[in-house]
Amino acid sequence: MAEDKPFCISKWAVLEAWTRVRANQGVAGIDGISITDFEKKLKNNLYRIWNRMSSGSYVPPPVKRVMIPKSDGRERPLGIPTVGDRVAQMVVKMYLEPRVEPLFHPDSYGYRPGKSALDAVGTCRRRCWRYDWVVDLDIKGFFDNIDHSLMMRAVRKHTDCNWVLLYIERWLKAPSDTGDGTRVPRHQGTPQGGVASPLLANIFLHHVFDTWMAREFPGCPFERYADDIVIHCRTESEARGVQQAVELRLRQCKLEAHPEKTRVVYCRDSNRIGDYPCKQFDFLGYGFQPRRARNSRDGCYFVSFAPAISRKAMKAIVRTMRNWGVHAASEKELDDFSRMFNRYIRGWVNYYGRYYPSALHQTFECLNRRLVRWAMKKYKRYRGHQRRATQWLRGIARRHPGLFAHWELGIVP
């Protein structure tokens, strides 16, 4: 019975945790058990998790280590817990999140209810108009280098619940499995991919950065999305001072600012004279830099420091669209392509089209060209006639703009 267990954990909490894990989907961990497989023996699986967590005998299995390619050609490790372990982590998250969420800084945006990356981009956009300088801060290998003792110290500031502290410490130390049977012990860091990891990261940086910045530099607002941070300053000297202080603070907390990616940026526009070597930075897939804009009152053009889809994000989208192989799939119809790919296109348009949407034209022209090549290959009447194929597709785009989300923006062949 529940009262015989050393830890009082509700069975309903475990059931609710499963409901949330199932809604998030995700792939199997090292045991190969998928969401569907887990659900086939749901009652027994959930009881086992509840029983072990309540008795203090729950030991997290190793996380499945998967290497994900980065834009710079390198790879970063992603840790995938088993479905059962994701349920257990969700139980802890459901307990801890309501207790820490009201305490978090309003300019912390990552993985928080009611906040989004676009909220952070919008706030950054407004502040770049008010503040002349920015510290573009990159924490080197943040998730891989969190000190476990400092992490637990931060968590203990918010709870003294024994079972929560016990399992968080076990998750931090859980080894990773490389897939060939090799178990890699973890002495620092928290695996990206875990259910509890984003919350733990926010708790850690809440104490390491957010509250420290509010205390030491109250006149320098910032936006933080997990470990992606932008700090606004009035002068270059202030920005230099903030950068040095933040780098020292990170070293004191056993972290390091990336020496090549952390820099001071001048937010140059029509009202800011002078020049500076660094006049742009990337934040959450948006590139902030001087851009031509038009005044809505008098129609005159000026230079604004504004965000638009970054070149890195643009290249990643183009690479994905090329891999679709649209131009070679002559057996498909336009409706097939719409069903297969439009949800991805709409997601990109909704995110990257929020600010400076005209920058998306260059991105989606790649897909339009491939659709033209598809039409030339599929229909005999258009073979060798690129102009006619383009006109035919343009007519369809005007009659049925909803077929592809970028057509709705007027980005047509």
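Going along each chain's sequence as written, the residues are numbered from 1 onward. Under the rules for a predicted model, residues below a pLDDT of 70 receive no local features and side-chain atom pairs below 80 are neither given nor counted, while totals for whole chains, interfaces and linings still include all residues. Based on all heavy atoms of the structure, the side-chain values leave hydrogens and waters out of the count.

**Student:** Explain the nonpolar core to me, and be specific about the residues and the numbers.
**Tutor:** To define a nonpolar core, start from buried Ala, Val, Leu, Ile, Met, Phe, Trp, Tyr and Cys residues and group those joined through side-chain atoms within 4.5 Å. The buried label goes to any residue with under 20% of its type's maximum accessible area, the exposed label to any with over 50%, and the partly exposed label to all in between, with areas taken from a 1.4 Å probe on protein chains only. Within the largest apolar cluster, 129 residues are counted, with the highest numbers of intra-cluster contacts made by Met53, Trp163, Ile231 and Phe281. Working definition: helices are DSSP H or I runs of at least four residues, strands are E runs of at least two. Numbering for both runs from the N terminus. Among the elements that take part in this core, helix α9 (residues 197-216) stands out by supplying 10 residues, more than any other. Here, residues are in contact when the closest pair of their heavy atoms is within 4.5 Å. If near-sequence neighbours (up to four positions away) are discounted, methionine 53 is found in contact with Phe7, Ile9, Tyr58, Ala88, Val91, Val92, Trp163 and Tyr167.

**Student:** Describe in detail the sheet that holds strand β10 (residues 286-294), supporting the description with residues and values.
**Tutor:** DSSP calls a pair of strands paired once it identifies at least 2 bridges connecting them. With antiparallel pairing, the three strands of this open sheet are ordered in space as β9-β10-β11. Strand pairing shows two members of the sheet lacking a second neighbour, β9 (281-283) and β11 (301-309), which therefore form its edges. The sheet shows a mean angle of 50° between the axes of neighbouring strands, direction not considered. Pairing of β9 with β10, which is carried by three bridges, proceeds in the antiparallel orientation. Along β10, the bridge assignment pairs phenylalanine 281 with phenylalanine 288. Axis angles are defined between N-to-C directions and span 0 to 180 degrees, where every axis is a line fitted to C-alpha atoms and, for a helix, only to the segment in contact. Along the sheet face, helix α5 (residues 117-130) touches β9, β10 and β11 and points at about 55° away from the line of β10.

**Student:** Report on unusual backbone geometry, specifying residues and quantitative values.
**Tutor:** Backbone geometry places tyrosine 111, a non-glycine residue, at a positive phi of 55°. By the element assignment, tyrosine 111 lies in the loop between α4 (83-100) and α5. With a phi angle near 65°, lysine 254 is a residue other than glycine that sits in the positive phi range. Relative to the helices and strands, lysine 254 is located in the loop between α10 (236-252) and β8 (263-266).

**Student:** An account of the packing of helix α7 (residues 148-156) against α9 is needed here, citing residue identities and associated values.
**Tutor:** Interaxial distance between α7 and α9 falls to 9 Å at its minimum, and their mutual angle equals 85°. For the element pair α7 / α9, the angle class is roughly perpendicular. For the pair α7 and α9, the contacting residues are Leu150, Met151, Ala154 and Val155 in the first and Leu200, Ile203, Phe204 and His207 in the second. Tallied by class, residues from the contact of α7 with α9 come to seven nonpolar, one polar and no charged. Any angle that is under 35 degrees is reported as roughly parallel, and any over 145 degrees as roughly antiparallel; angles of 65 to 115 degrees are reported as roughly perpendicular and all others as oblique. Only Asp, Glu, Lys and Arg are considered charged, only Ala, Val, Leu, Ile, Met, Phe, Trp, Tyr, Cys and Pro nonpolar, and every remaining residue, Gly among them, polar.

**Student:** Outline the sheet that holds strand β5 (residues 183-184), supporting the account with residue identities and numerical values.
**Tutor:** Spatial strand order, β2-β1-β4-β5: four strands in an open sheet with mixed pairing. Bordering the open sheet on either side are β2 (75-80) and β5, each of which pairs with just one other strand. Where strand β4 (residues 176-177) lies against β5, two bridges are found, and the strand directions are antiparallel. From the neighbouring strand, serine 176 faces β5, where its bridge partner is valine 184.

**Student:** Now, about helix α8 (residues 162-173): what can you tell me, with residues and values included?
**Tutor:** The span one expects for a helix is its residue count, reduced by one, times 1.5 Å. In a regular helix each residue adds 1.5 Å, so 12 residues correspond to 16 Å; α8 covers 17 Å between its end C-alpha atoms and thus fits that length. Among the residues making up α8, those that are buried are Trp163, Val164, Leu165, Tyr167, Ile168, Trp171 and Leu172. Buried residues in α8 make contact with α3 (42-55), α4, α7 and α9.

**Student:** An account of the side chain of glutamate 223 is requested, with residue identities and associated values reported.
**Tutor:** Checked against the element boundaries, glutamate 223 lands in strand β6 (residues 222-225). Looking at glutamate 223, the relative accessible area reads 0%, which means it is buried. By the criterion applied in these results, polar contacts are pairs of N or O atoms within 3.5 Å in which, for protein atoms, one can donate a hydrogen and the other can accept it, and in which residues neighboring in sequence qualify only through two side-chain atoms. A polar contact is formed between the side chain of glutamate 223 and the side chain of arginine 127, at a distance of 2.8 Å. Reaching out from glutamate 223, the side chain makes a polar contact with the side chain of histidine 232 at a distance of 2.8 Å. Residues contacting glutamate 223, with those up to four places away along its chain left out, are Asp107, Tyr109, Ala120, Thr123, Cys124, Arg127, Asp228, Ile229, Val230, His232 and Phe283.

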